[in-house]
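# Observations on chain architecture
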Amino acid sequence: MSGLLWDKGGSAVDERVQRFLAGDDVLLDRALFPFDLAASRAHVAGLGRIGLLAADEVAAIAAALDELSDKFRAREFVLDARFEDGHSAIEAFLVGKLGDAGRKVHTGRSRNDQVLVALRLHQRASLEGLEARLRDAARALLERAEADAMTPMPGYTHLQRAVPSSVGLWLAGFVEALLDDAQLARLTRGWIDRCPLGTAAGYGVNLPLDRAGVAAELGFPSLQWNPVYAQNSRGKFELAVLSAFSQALLDVRRLAWDLSLYTSAEFAFVRLPDRHTTGSSIMPNKRNPDVVELLRAAYGVVAGAQAEIAATLSLPSGYHRDLQATKGPLLRAVEHGLAAVELLPDLVRGMTLDRERMRAAITPDLYATDRAVELAREGVPFREAYRRVAGQLDALGDRTPEESLRARVSPGATGDLGLERLRARLDE
Ligand code: ARG
């Protein structure tokens, strides 16, 4: 490992200890690197504004950071175990390129606030990505709900056929859910959108840093003011981000469950597009809904990461190297969550419905509640109507699912689905 930032000369560095300290941290930093570069640029500009770097030094460092950014994207610069972490790599590059100007870049900052700000920018982008993907998925689901708003299918409770329902009602339930989840992603983004850079190791520094200017350059509407709190928020904010992801993936899990049931031969209501199914290595007849099953499992990945981070956070105030252990779970969960939600629109648009089978599954006994409520409307006390209908379940045959769906006019039900409300929310 080259050029440890904290090498004061003379300290012998044990290989195994170094490997243990670094772990896969430098590889994880690849995801943070573009954000670390952007934050470094803003920090340097801030140092220029308070006279700690000359204008030509600021310009030279900014140009070198741009070059590093380009090289990183083109894979000409590879961030790997040659460096202790991404932060060290940036400084090493700048020193190699610029000499003393590069040696000045870390003035007034610590890796403690450097990693915080890179993570914060990454979290902001993750929540933006989540919100956008959820809205795309909600749009695809709404299109399907509109196309089959009144297509009859049974409504289930306890997994037993209960009452007539519709494809529109089923799918619009997920539209509303995902719109709520998108809203939570946005609210969480607003909540974490505070700049920790300029808090240094967690106690500030004896310089009049232009924190506000640096924050503005990075698009933060405000500062995370207290330096101790900035450090103490590491992990806490990660959990807030993952909480938004977990809400979304809980809904995805339920939709995936429905699809895995409805695509089974026992239901055979839905058929998935071929590109979302796989074959069996031994059973030539199989088409397996593996994608749907992994969508169902995605919540578990996030829940595991939440547990890992929460378990690490039992710490006193200030920076502790323990906090590095929150990085991997966050990055993995976010990446997996985004990849999962991203698959939904194509899956939803490509699935086909067996409308005949759905309609045929509405057996006459499913009209029992309709009949009891009708009697109650005519003045029969509901409990009495209930008993009367229960005794004559075979006398309910002369109805159609469509009539039943139209008659359910309670707001939100099939007779008053209000898909235009969801459409309006989506177009907001
Ligand atoms: N890799 C470290 C982390 O994620 C960066 C900060 C290191 N700071 C330190 N004081 N050793 O926390």
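Remember, it's a predicted structure, so these values are computed and weren't measured experimentally.

## Quick word on the packing of helix α14 (residues 368-377) against helix α15 (residues 382-390)
The contact between α14 and α15 brings their axes to 8 Å, and the two run at 140°. The angle between the axes of α14 and α15 places the two elements in the oblique class. Taken as a pair, α14 and α15 cross one another with a handedness that is right-handed. Residues Ala 368, Arg 371, Ala 372, Val 373, Leu 375 and Ala 376 of α14 form the contact with α15, whose participating residues are Phe 382, Ala 385, Tyr 386, Arg 388 and Val 389. Residue classes in the contact of α14 with α15 are distributed as nine nonpolar, no polar and two charged.

## Thoughts on the packing of aromatic side chains
In the structure shown here, the tally under the stated rule is 13 aromatic pairs. Here Phe 33 and Phe 72 contribute two aromatic rings whose centre-to-centre distance is 4.7 Å and whose plane-to-plane angle is 55°, an arrangement assigned as tilted. Of this pair, Phe 33 sits in helix α2 (residues 25-49) while Phe 72 sits in helix α3 (residues 55-73), and the two are 39 residues apart along the sequence. Of the two residues examined, Phe 33 and Phe 72, each falls in the buried class. Here the aromatic rings of Phe 77 and Phe 93 are separated by 6.1 Å at their centres, their planes lie at 85°, and the arrangement is edge-to-face. Taken as a pair, Phe 77 in the loop between α3 and α4 (86-98) and Phe 93 in helix α4 lie far apart in primary sequence, 16 residues in all. Three or more aromatic residues joined by ring pairs form one cluster here, namely Phe 33, Phe 72, Phe 77, Phe 83 and Phe 93. Positioned above the aromatic ring of Trp 257, the side-chain terminus of Arg 296 is 4.4 Å from the ring centre.

What counts as what
- Residues numbered from 1 in each chain as written.
- Predicted model: local features only at pLDDT ≥ 70, side-chain atom pairs only at ≥ 80, totals over all residues.
- Heavy atoms only, no water.
- Axes fitted to C-alpha atoms, helices over the stretch in contact; angles between N-to-C directions.
- Helix = DSSP H or I, 4+ residues; strand = E, 2+ residues; numbered from the N terminus.
- Parallel < 35°, antiparallel > 145°, perpendicular 65-115°, else oblique.
- Left-handed = near helix turned anticlockwise from the far one by under 90°.
- Contact = heavy atoms within 4.5 Å.
- Nonpolar A, V, L, I, M, F, W, Y, C, P; charged D, E, K, R; others polar.
- Phe/Tyr/Trp six-rings, centres within 6.5 Å; stacked < 30°, edge-to-face > 60°.
- Buried < 20%, exposed > 50% of the residue type's maximum accessible area, 1.4 Å probe, protein only.
- Lys NZ or Arg CZ within 6 Å of the ring centre and 35° of its normal.

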